[in-house]
Amino acid sequence: MIRKLMPLFCVGFGGYFAVMGIFKYHVWDKGPRGGFLPLVMGLFVAALSFVVFFRELKPAAAGNGEKQRSTFNFSMLIPPAVVLTAILASYLVGLLPAIGLMVFGWLVILEKVKPLKALLVSAILLVAVWLIFSMWLRVPFPTGIFKT
Amino acid sequence: MDTFGMLMNGFANAMTLQNLFAAMLGAVMGLVVGAIPGMGSLAGVSLLLPLTFKLNPTTGIIMLAAIYYANMYGGSYSAILLNIPGDASAVMTTLDGNPMAKKGQAGQALFTANLSSFIGGTIGIILLTFLGPLLSRIGLSFGPAEIAALILLALTSLGWLLGSDPMKGLISAGLGILLAAIGVDQAVGQPRFTFGSINLLSGINFIPLVIGMFGFAQVIDMAVKKKTMQSVSMVDKLTLRGSLLSRDQVKRILPVAVRSGFLGTFVGLLPGAGATTATFLTYIFEKRIGKNRDKMGTGVVEGIAAAESGNNAASAGAFAPLLSLGIPGSGTTAVLLGGLMMWGLKPGPLLFTQSPDFVWGLISSMYVGNIICLIIGLAIIPGLVHILRIPISMMIPLVSAICIIGSYSIGNNMFDVGIMLVSGVVAYLLSSHDFPVAPILLAFVLAPRFEKSVTQALDISNGSFKIFIRSPISLVLLCATILFVFMPLLLKLVRKHQTDKLSIN
């Protein structure tokens, strides 16, 4: 099932660009216009993805899909979930503290690293980031509610 | 001024304290990142790209180039000591490198890898010095139709299609072109696919996209494969003295490294081929013609020399089409192309005449950087065991943090961090379903130029597609494209036919 979702996603993605290319942007006016490339490439992607989708429906490929499903690993969801939490937290506490908390929490809770070691690693990372990005590259990091 | 004079000028430019320091820093970072199992040059260059933003273009690209080829050196370390290639191009190094380490010759294997990388890299840079200007002169005769045909060839060329599924490679390239269509259309100034967001008016930012697709997707991959990746080096201690090669070993390495250097460079020149293809070809070539071919795969220096010389030579060779035609030879050079564009430079036939200080400064710095890489590569041998002991569990949150910081710092915008997150998840899902991700990046970088060239060509011909077959260069390039697209399918059919025949017999 999962194996079939990716080609279907690509069909939808290509199809959307092709449809928008025709109906929203100009395709041709004595030469190609803004909708030309999205139309051509959208159709190309959608057509190839359709072929891949039907190929995945074949019994041999379906067997492969079952294997994929049985080996689906929920740990793939952890990094995006943690990073998303850090992004949201940055609006509250600022980006650098959010990243420090993310690394510390990740190491202690998910990777079972001793709190003292995790604290040391997070502190070293934050100092390095502050020196390189804030001091050297002059990047203004968001400060959240601690705005001065 | 002739090539030699330009090169000397370049050396004067490259030997400034700032540029030397940039090359040295890039070499150290590239070696360390390359040595970390599972990172690879693409993820390494993508993650370290933001560090070069505030440097001037020449210093920035010198540092990036040093990171790139130092990664090639570093990729072999985990291949030899842990049997885990740091990069796809180091896969062939494991075949002889790890058996040598198991025999107690880990030091010699590392020394061989460094020496061969140096020889291959030097051959590649020498050929780049002469072929770069030559290619740019050829490139000057290219009009919009020829450029469009050349880009099409690069997008569909053999390297990408050597993967398990050519059709999925083509879909990936198509997705990259569609992603590049987001933003204001350069021809008529009309916003496309922006969903009303002002953040998308200038298109998807290249850096967050690349950090997500290669850095963050790698993090997800590491999180999934964490348990299987935690292997420990079979070597506890390494010394430089114990790693020195005997005279006989050097004699065996030299001819192999030189042969592979030339072959690797020519593979690197092909659009889309890259270091991975080069290392496979040079290893197979040596296995066919080498004196010690029967023992290759059991832990002999020839195997390491062929693979390492080949991949470093290809990395240097890939700079020729990148600088002179604006066509990246691999995923990593596509990142370098993105970096060049970010600094306002336009790689292509005119780069050699319009920005000679930049081009020759870069080429000269590669000679210097290659020597720096060799010295640091040898000096780092005793400390390698410690670098390789950094646990994957520690790497995952640290690399994630770098992904967030790197993608934020390009535009000081949290929207870019969101782009990084989404592109990382999508790239992971695509690659775990056998869709190669590198073509998306290559297509994304080349698409604006492709669209512009196609539009210009069709405007010139009043909308007639015959312009693409009227020019002999364009016709040859289009024929090559068709050949590259259908060759893997034909080969598959031939193989299937042969297998069927054998099973009937």
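Preceding block: the structure.
Given the structure is predicted, the values throughout are model-derived calculations rather than measurements.

Colleague: Where do I start with the packing of helix α5 (residues 95–110) of chain A against helix α20 (residues 392–409) of chain B in this structure?
Modeller: Working note: a packed helix pair is described by the angle between its axes plus the distance between those axes. Remark: α5(A) packs on α20(B), axes separated minimally by 9 Å, with the N-to-C direction vectors making an angle of 165°. Viewed along their axes, α5(A) and α20(B) adopt a mutual orientation that is roughly antiparallel. Between α5(A) and α20(B) lies a crossing of right-handed hand. Contacts from Leu95(A), Leu96(A), Ile99(A), Met102(A), Val103(A), Trp106(A) and Leu107(A) of α5(A) reach α20(B) at Ser393(B), Met394(B), Ile396(B), Pro397(B), Leu398(B), Ser400(B), Ala401(B), Ile404(B), Ile405(B) and Tyr408(B). Among the residues making up the contact of α5(A) with α20(B), the classes are represented as 15 nonpolar, 2 polar and no charged.

Colleague: Would you take a moment to explain empty space enclosed by the protein for this structure?
Modeller: Any empty space left between the atoms is revealed when a probe the size of a water molecule rolls over them. If you walk through the whole model with that rule in mind, you get 2 cavities of 30 Å³ or more. In this model, the largest cavity occupies a volume close to 60 Å³. What lines the largest cavity is simply Pro32(A), Arg33(A), Gly34(A), Phe36(A), Leu37(A), Asp185(B), Ala187(B), Glu451(B), Val454(B) and Thr455(B). Contributing elements (two or more residues each) for the lining of the largest cavity: α2 (36–57) of chain A together with α22 (438–460) of chain B.

Colleague: So what exactly am I meant to see when it comes to α22(B) here?
Modeller: It helps to recall that an α-helix has 3.6 residues per turn; residues three or four apart then point in one direction. Residue and element names in this part refer to chain B. Compared with the 33 Å implied by 1.5 Å per residue over 23 residues, the 33 Å span of α22 between its first and last C-alpha is a close match. Leu 446 marks where α22 bends most, by close to 45°; the proline Pro 448 follows one to four residues later. Counted residue by residue, α22 has 17 buried out of 23 residues, so it is predominantly covered. Note on α22: the residue one or two positions beyond its end, Asn 462, has a positive phi of about 55°.

Colleague: Any chance you could explain a nonpolar patch on the surface here in plain terms?
Modeller: Together, Ile482(B), Phe486(B), Leu489(B), Leu490(B) and Leu493(B) line one region of the surface with nonpolar side chains, adding up to about 500 Å² of accessible area. One can find Phe486(B) in helix α24 (residues 472–504).

Colleague: Hey, could you run me through the environment of Lys492(B) in this one?
Modeller: Residues and elements named next belong to chain B. Here Lys 492 shows up in helix α24. Take Lys 492: its relative accessible area is 45%, and that puts it in the partly exposed class. When the C-alpha positions of Lys 492 and Met 24 are compared, they lie 46 Å apart, and in sequence the two are 468 residues distant.

Colleague: Explain the packing of helix α1 (residues 3–14) of chain B against helix α18 (residues 356–379) of chain B here, please?
Modeller: All names here are of chain B. Interaxial distance between α1 and α18 falls to 7 Å at its minimum, and their mutual angle equals 75°. By the angle class used here, α1 and α18 are roughly perpendicular. Residues Thr 3, Met 6, Leu 7, Gly 10, Phe 11, Asn 13 and Ala 14 of α1 touch α18, and the partners they reach there are Pro 356, Asp 357, Trp 360, Gly 361, Ile 363, Ser 364, Ser 365, Tyr 367 and Val 368. Partitioning the contact of α1 with α18 into residue classes produces 9 nonpolar, 6 polar and 1 charged.

Colleague: Help me understand the environment of Val121(A), please; the structure alone is not making it clear to me.
Modeller: Examined against the element boundaries, Val121(A) turns out to sit in helix α6 (residues 115–136). Assessed through its relative accessible area of 16%, Val121(A) is described here as buried. Val121(A) sits 71 residues away from Phe50(A) along the chain, and the two C-alpha atoms are 48 Å apart. When near neighbours in sequence (up to four residues on either side) are disregarded, Val121(A) contacts Leu107(A), Met394(B) and Leu398(B).

Colleague: Please clarify how the nonpolar core should be interpreted in this entry.
Modeller: Within soluble globular proteins, side chains that are nonpolar generally end up buried alongside one another. Ranked by internal contacts, the top residues of the largest apolar core, which has 197 residues, are Met102(A), Phe141(A), Phe319(B), Leu323(B), Ile363(B), Ile404(B) and Phe468(B). If you tally residues by element for this core, the top one is helix α4 (residues 57–81) of chain B, at 15 residues. In contact with Phe141(A), not counting residues within four places along its chain, are Leu95(A), Leu96(A), Val129(A), Phe133(A), Ser134(A), Ile405(B) and Tyr408(B). In this structure, Tyr283(B), Met296(B), Val300(B) and Ala307(B) belong to the second largest nonpolar core, which totals 5 residues.

Colleague: What is the right way to read the pattern of salt bridges from this model?
Modeller: A side chain with one charge may pair with a side chain of the opposite charge, provided their charged atoms come close. All names here are of chain B. Applying the stated criterion to the full structure yields 6 salt bridges over all chains. In this structure, Asp 221 engages Lys 225 in a salt bridge whose closest nitrogen and oxygen atoms are separated by 3.3 Å. Residue Asp 221 and its partner Lys 225 are both found in helix α10 (residues 206–229); the two are separated by 4 residues, about one turn of the helix. Here Lys 225 falls in the partly exposed class, since its relative accessible area comes to 41%. The residue Glu 302 makes a salt bridge to Arg 252 at a minimum N-O spacing of 2.9 Å. Taken together, the positions of Glu 302 in helix α14 (residues 301–317) and Arg 252 in helix α12 (residues 247–269) put the pair 50 residues apart, joining distant regions of the chain. Take Glu 302: its relative accessible area is 7%, and that puts it in the buried class. Because the salt bridges share partners, they merge into one network encompassing Asp 248, Arg 252 and Glu 302.

Colleague: Explanation requested: the packing of aromatic side chains in the structure shown.
Modeller: For any pair of aromatic rings, geometry is given as the distance between the ring centres together with the angle between the planes. All chains considered together, the criterion is met by 18 aromatic pairs over all chains. Pairing Tyr25(A) with Phe193(B) gives two aromatic rings, centres 5.1 Å apart and planes at 65°, and the pair type is edge-to-face. Here Tyr25(A), found in the loop between α1 (2–23) and α2, pairs with Phe193(B), found in the loop between β2 (191–192) and α10, and the two come from separate chains. Taken individually, Tyr25(A) and Phe193(B) each receive the classification buried, so the pair is uniform in this respect. Plain terms: the ring middles of Phe53(A) and Phe54(A) are 5.4 Å apart, the flat faces sit at 70° to each other, and that makes the pair edge-to-face.

Colleague: Please explain the layout of surface pockets as it appears in this structure.
Modeller: Residue and element names in this part refer to chain B. By volume, the second largest pocket amounts to about 1400 Å³. Lining the second largest pocket are 48 residues, with Gln 186, Met 341, Val 445, Pro 448 and Arg 449 positioned closest to its centre. For the lining of the second largest pocket, the elements supplying multiple residues, two or more each, are α7 (144–156), β1 (183–184), α10, α16 (331–342), α21 (414–432) and α22. If you tally residues by element for the lining of the second largest pocket, the top one is α22, at 10 residues. Class assignment for the residues of the lining of the second largest pocket results in 23 nonpolar, 17 polar and 8 charged.

Colleague: Would you mind going over the interface of chain B and chain A with me for this structure?
Modeller: Often, the extent of an interface is quoted as the loss of accessible area on bringing the components together. Listed by partner, the interface residues are 62 residues for chain B and 64 residues for chain A. Each partner contributes to the roughly 5500 Å² buried at the junction of chain B and chain A, and carbon and sulfur atoms together form 80% of this total. Ranking the residues of chain B by area buried against chain A places Leu178(B), Phe193(B) and Ile405(B) at the top, with a combined share of 13%. Connecting chain B to chain A are 1 salt bridge. Between Glu56(A) and Lys168(B) there is a salt bridge, with its nearest N and O atoms 3.3 Å apart. On the surface where chain B and chain A come into contact, there are 4 residue pairs in polar contact (both at pLDDT 80 or more). Looking at the side of chain B that touches chain A, the elements that each hand over two or more residues are α9 (166–180), β2, α10, α20, α21 and α22 of chain B. In terms of residue count, the dominant contributor to the side of chain B that touches chain A is α20(B) (11 residues).

Parameters and conventions
Residues numbered from 1 in each chain as written. Chains lettered and ligands numbered in written order. Predicted model: local features only at pLDDT ≥ 70, side-chain atom pairs only at ≥ 80, totals over all residues. Heavy atoms only, no water. Axes fitted to C-alpha atoms, helices over the stretch in contact; angles between N-to-C directions. Helix = DSSP H or I, 4+ residues; strand = E, 2+ residues; numbered from the N terminus. Parallel < 35°, antiparallel > 145°, perpendicular 65-115°, else oblique. Left-handed = near helix turned anticlockwise from the far one by under 90°. Contact = heavy atoms within 4.5 Å. Nonpolar A, V, L, I, M, F, W, Y, C, P; charged D, E, K, R; others polar. 1 Å grid on protein atoms, 1.4 Å probe; cavity = no way out; pocket = protein on both sides within 12 Å on 5 of 7 lines; lining within 4 Å. Points joined across faces, edges and corners; volume = space filled by probe spheres on them. Expected span 1.5 Å × (residues − 1). Bend = angle between axes of the 7 residues up to and from the residue. Buried < 20%, exposed > 50% of the residue type's maximum accessible area, 1.4 Å probe, protein only. Patch = residues over 30% accessible without salt bridge, like charges linked within 9 Å, V, L, I, M, F, W, Y side chains within 5 Å. Areas by Shrake-Rupley, 256 points an atom, 1.4 Å probe, with all protein chains shown as cover. Salt bridge = Lys/Arg side-chain N within 4 Å of Asp/Glu carboxyl O. Core = buried A, V, L, I, M, F, W, Y, C linked by side-chain atoms within 4.5 Å. Phe/Tyr/Trp six-rings, centres within 6.5 Å; stacked < 30°, edge-to-face > 60°. Buried area = accessible area lost by both parts, 1.4 Å probe. Polar contact = N/O pair within 3.5 Å; in protein donor to acceptor, adjacent residues only side chain to side chain.

By themselves, these are just geometric observations and shouldn't be taken as functional.
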